[in-house]
Amino acid sequence: MKEGEATWKDAKGIRKFLAFPLTGTLIMVVIGCVLGGLSLSAIWGLFGAANQLLAGIALMAVAAWLGNIGKNNKMFFIPMIFMLIATLTSLIITIIKKVKLIAAASAAWGDWFQLILAAAMVVLAIILVIQGIQTFSAQIKNKKEQKAEA
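A short tour of the structure in this document, coming up. Note that the structure is a prediction, hence the values are computed from the model and not measured.

Parameters at a glance
- Residues numbered from 1 in each chain as written.
- Predicted model: local features only at pLDDT ≥ 70, side-chain atom pairs only at ≥ 80, totals over all residues.
- Heavy atoms only, no water.
- Salt bridge = Lys/Arg side-chain N within 4 Å of Asp/Glu carboxyl O.
- Helix = DSSP H or I, 4+ residues; strand = E, 2+ residues; numbered from the N terminus.
- Buried < 20%, exposed > 50% of the residue type's maximum accessible area, 1.4 Å probe, protein only.
- Contact = heavy atoms within 4.5 Å.
- Core = buried A, V, L, I, M, F, W, Y, C linked by side-chain atoms within 4.5 Å.

Glancing now at the pattern of salt bridges. Overall, the coordinates contain one salt bridge when judged by the stated rule. In this structure, Lys 98 and Asp 111 form a salt bridge, with 3.0 Å as the shortest nitrogen-oxygen distance. Here Asp 111 lies in helix H5 (residues 109-149) and Lys 98 lies in helix H4 (residues 77-103), a separation of 13 residues in the sequence. Across the pair, Asp 111 and Lys 98 agree in class, each one buried.

Here's what the structure looks like:
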């Protein structure tokens, strides 16, 4: 919600449509039906990647929060970087494999689904990583300014 919006009814345009409770329900039902049509082996790798990606992003969020309140956050950087690099590498390998299958015209519809989902996760993760880097850079700059003033 944006400031000044108490409920979904206060939103405007596409935000109002997306915030409408029935819209979210329908989106989740469609996703559930699509996933229900896939075998477990078709989505297990992406489920694992999404789980590990969430762990890396959670480490980044905690590190950013600790940095914002002035606490030591350095212990989170190595596991965060490892989780993000390993997971993004796995997703990129998945994307390459799916593109090759599709190019060879031997892909099932589950391969298309995996390609789209993996690509979406990579794009969204990169956006969050860029925002995290900007946050950490701002924190370092603020610390340097505070030391210079003291």
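Counting through the fold element by element, Trp 112 comes out in helix H5. Overall, the relative accessible area of 44% leaves Trp 112 in the partly exposed class. Measuring from C-alpha to C-alpha, the distance between Trp 112 and Gly 56 comes to 26 Å, with 56 residues separating the pair along the chain. Discounting chain neighbours no more than four positions away, the residues touching Trp 112 are Ile 102 and Ala 107.

As a further point, take the nonpolar core. In this structure, Leu 53, Leu 91 and Phe 136 are the most contacted members of the largest nonpolar core, which totals 19 residues. At the level of elements, helix H3 (40-68), H4 and H5 are the ones that each hand at least two residues to this core. Top element by residues in this core is H3. It accounts for seven residues. Ignoring sequence-local partners within four residues, the contact set of Leu 91 consists of Leu 46, Ala 49, Leu 53, Ala 118, Met 121 and Val 122.

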